[in-house]
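# Survey of secondary and tertiary structure
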Amino acid sequence: MITFDNTYVQLPSEFFARVDPDKAPAPKLIKLNTALANELGLDAEWLASPDGIAVLSGAAVAIGSEPLAMAYAGHQFGGWSPQLGDGRAHLLGEIVAPDGIRRDIQLKGSGATPFSRNGDGKAALGPVLREYIVSEFMAAAGVPTTRALAAVSTGERVQRETGMPGAVLTRIAQSHVRVGTFQYFFARKQSENLQILADYVIDRHYPEARNSENPTLTMLSAVMERQAKLIAKWMCLGFIHGVMNTDNVQIAGETIDYGPCAFMDGFHPNTVFSSIDQNGRYAWVNQPNIGVWNISRLAEALLPILHGDEDTAVKLAEGAVEGFSDIFNDALNAGIAAKLGINVDSAFMQTTFKVMTDHSCDFTLFFAELTRIAAGGSDDAFVDLFVSQDAAHRWLEAWRVVFDPALLGGMTAANPVFIPRNHRVEEVISSAIAGDFMSFEKLISVLETPFVEQPENSEYERPPTADQVVHQTFCGT
Ligand code: AMP
Ligand code: MG
């Protein structure tokens, strides 16, 4: 049993299409996130039962669930798509968790909807496991994110480059409203619906904005602030989202849509992962620029309801968007300083990134080994991350001048020892496709405590060997 309390379904009919998920022919539970279920006040035992699995696969519609596909639009890689929407996802409904926060329960990969265009509405096993692993790691690392409640296989084959086992992910989010949801109504000149959506978002995510002089403007600024801080957090982990399209920018500020995303191994600021991102639009270093661009699209979509006077509306919008860079820079500087165990020192941080680039230092190990040195360990493993030992020793000498031992605790909390390295994720997916989920379980368990030393799992710290390097992750979801 799930105690649903649905609000989105009460919005005007233009907001969604009522549609039931497909009935998976032979659903099997791959993984239930019991800890998350408990946190959300859901009955884990029931979820893992045949009745629960039927709901998690779309084979049955739970009592109180009112499945729907949400309407939205979006800019994808800069190009405008007036109609996207949930083409392979069903919002089952909402719950209010014991923390008082309302959450969406959504199935992803659960069949076609009126928004599917040419897609089949399905998900292959690989992308479902990738999203499970990476989103749960993000949560463990303290990054705002949608969560993975469960993964089930459907017993169906889906056609991708080859035939693949089908699967469904149960995604939990503070909501699935995106920048693209606002764009959908803006593009259709439906100002009334735009206002209804803004009111909905304010009530659900930014209630404090209600008492301000201009709640819509306050909401815009608050969304901007959450995005700026979120992107800084990604960058501090070497994370590249890969598809920062406006339909993948969630209004509540959680990381959403783990498609061709990955964490960098060897550092280079221009690293991209998506095979369709030829121009580096969504490269690691370019993420804040795209963040501003995406927030500008939100600001633009809000213009009709920001102010009665158009010029004033534009000025208000511009003012809100302008705030991004300071908030982002402060968050990134503070985050990188914490990783280095120093007070903010822009010049030293610039030098550090230059050296890391020149030596293609492994991003995660650079900071993890530095933390070990800060805690009294030897320099050896750190020095080995560089092409030349001299350069490593020189950098360490400069670091020792600015390092503050009082900041060691913060360093440990900022520098994961374990991340979902792309080659590990690919390895897990290959095994799972072959029917073996042991490596999936193992990786999940290692990543539950990413900041804690686990000497018995030290092989999970390692970057890929030359033949393990994954060159591209595909959008093939
Ligand atoms: P994404 O790249 O995951 O953000 O998805 C972009 C859009 O494509 C969304 O509207 C999705 O619903 C849609 N989409 C992606 N894959 C499929 C699929 N297999 N079937 C139908 N729609 C899809
Ligand atoms: Mg998306």
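The rules behind these values
- Residues numbered from 1 in each chain as written.
- Chains lettered and ligands numbered in written order.
- Predicted model: local features only at pLDDT ≥ 70, side-chain atom pairs only at ≥ 80, totals over all residues.
- Heavy atoms only, no water.
- Helix = DSSP H or I, 4+ residues; strand = E, 2+ residues; numbered from the N terminus.
- Rg over C-alpha atoms; globule rule 2.2 N^0.38 Å.
- Buried < 20%, exposed > 50% of the residue type's maximum accessible area, 1.4 Å probe, protein only.
- Contact = heavy atoms within 4.5 Å.
- Areas by Shrake-Rupley, 256 points an atom, 1.4 Å probe, with all protein chains shown as cover.
- Lys, Arg positive; Asp, Glu negative; His and termini not counted.
- Charge placed at Lys NZ, Arg CZ, Asp CG, Glu CD.
- Domains from an automatic or database assignment.
- Core = buried A, V, L, I, M, F, W, Y, C linked by side-chain atoms within 4.5 Å.
- Donors = N, O, S within 2.8 Å, 3.2 Å for Na, K, Ca; no water.
- Disulfide = S-S within 2.5 Å.
- Axes fitted to C-alpha atoms, helices over the stretch in contact; angles between N-to-C directions.
- Parallel < 35°, antiparallel > 145°, perpendicular 65-115°, else oblique.
- Left-handed = near helix turned anticlockwise from the far one by under 90°.
- Nonpolar A, V, L, I, M, F, W, Y, C, P; charged D, E, K, R; others polar.
- Phe/Tyr/Trp six-rings, centres within 6.5 Å; stacked < 30°, edge-to-face > 60°.
- Near = heavy atom within 4 Å.
- Polar contact = N/O pair within 3.5 Å; in protein donor to acceptor, adjacent residues only side chain to side chain.

### Re the overall build of the chain
Summing up its helical and strand segments, the chain has 16 helices and 11 strands in all. The C-alpha atoms of the chain give 23 Å as radius of gyration, which agrees with the globular expectation for 477 residues (23 Å, within 12%). Judged by the C-alpha coordinates and their principal axes, the chain covers about 65 × 60 × 40 Å. Taken over 477 residues, the chain has a buried fraction of 58%. Within the chain, contacts between residues separated by at least 24 positions form 71% of all contacts whose residues are at least 6 apart in sequence. Surface accessibility of the chain: about 18,800 Å² in total, with carbon and sulfur atoms responsible for 52%. If you average the places of the 35 positive and of the 57 negative side-chain charges in the chain, the two averages end up 4 Å apart.

### What to know about the domain arrangement of the chain
Its domain assignment divides the chain into domain 1 (8-173) and domain 2 (334-414). The straight-line distance from the C-alpha centre of domain 1 to that of domain 2 is 40 Å.

### A word on the nonpolar core
Nonpolar side chains in soluble globular proteins tend to be buried together. Grouped together as the largest cluster of nonpolar side chains are 127 residues, with contacts concentrated most on Y8, M138, F182, L340, F366, W395 and W399. Of the residues forming this core, the biggest block, 13 residues, is contributed by helix α7 (residues 215-236). Residue assignment places this core across two domains, with domain 1 (8-173) and domain 2 (334-414) each supplying three or more. Apart from the residues within four sequence positions on either side, M138 is in contact with V143, T145, W234, L237, F239, Y258 and F263. One finds L36, A37, I95 and I172 within the second-largest nonpolar core, a separate group that totals 24 residues.

### Description of the coordination of the magnesium ion (ligand 2)
Taken together, N248 (OD1) and D257 (OD) make up the protein donors of the magnesium ion (ligand 2), found 2.0 to 2.1 Å from the metal. Per residue, the accessibility class of N248 equals that of D257, and both read buried.

### Structural notes on the state of the cysteines
What the rule picks out here adds up to 0 disulfides. No disulfide involves C236; its sulfur sits 17 Å from the nearest other cysteine sulfur, which is in C361. By relative accessible area, C236 is classed as buried at 11%. For C361, a relative accessible area of 0% puts it in the buried group.

### What about unusual backbone geometry?
Notably, K189 is not glycine yet its phi reads approximately 55 degrees, a positive angle. Tracing the backbone shows K189 in the loop between α5 (179-187) and α6 (191-205). A relative accessible area of 73% means that K189 is categorised as exposed. The backbone of D257 sits at a positive phi, close to 70 degrees, despite the residue not being glycine. Along the polypeptide, D257 turns up in the loop between β10 (239-240) and β11 (262-263).

### A word on the packing of α7 against helix α8 (residues 287-306)
Taken N-terminus to C-terminus, the directions of α7 and α8 make an angle of 170 degrees; their axes are 10 Å apart at the nearest point. Between α7 and α8, the angle falls in the class roughly antiparallel. Our pair here, α7 against α8, has a crossing hand that is right-handed. Facing α7, whose interface residues are T216, L217, M219, L220, V223, M224, Q227, I231, W234 and M235, α8 presents Q287, P288, G291, I295, L298, A299, L302, I305 and L306. The class makeup of the residues in the contact of α7 with α8 is 15 nonpolar, 4 polar and no charged.

### Thoughts on the side chain of R281
On the secondary structure map, R281 appears in the loop between β11 and α8. Sequence-distant contacts of R281, defined by excluding residues within four places in its chain, comprise F77, G78, N286, I290 and W293.

### Focus on the packing of aromatic side chains
Evaluated as defined, the whole model comprises 26 aromatic pairs. Relative to F15, the ring of Y8 has its centre 6.1 Å away and its plane inclined at 70 degrees; by these criteria the two rings are edge-to-face. Residue Y8 is classed as buried on the basis of its relative accessible area, which comes to 2%. The buried category is assigned to F15, whose relative accessible area is 0%. Members of the aromatic cluster, connected to one another through ring pairs, are F267, W284, F348, F353, F363, F366, F367, F382, F386, W395, W399 and F403.

### A few points about the site of ligand 1
Around ligand 1 there are 17 residues in total, and G85, G87, R88, R117 and G121 lie nearest to it. A distance of 2.9 Å separates an oxygen atom of ligand 1 from a polar atom in the side chain of R117. One of the side-chain N or O atoms of N248 is found 3.0 Å from an oxygen atom in ligand 1. Computed on the free molecule, ligand 1 has an accessible area of 490 Å², of which 84% lies beneath the protein chains in the complex. Class assignment for the residues of the shell around ligand 1 results in 2 nonpolar, 7 polar and 8 charged.

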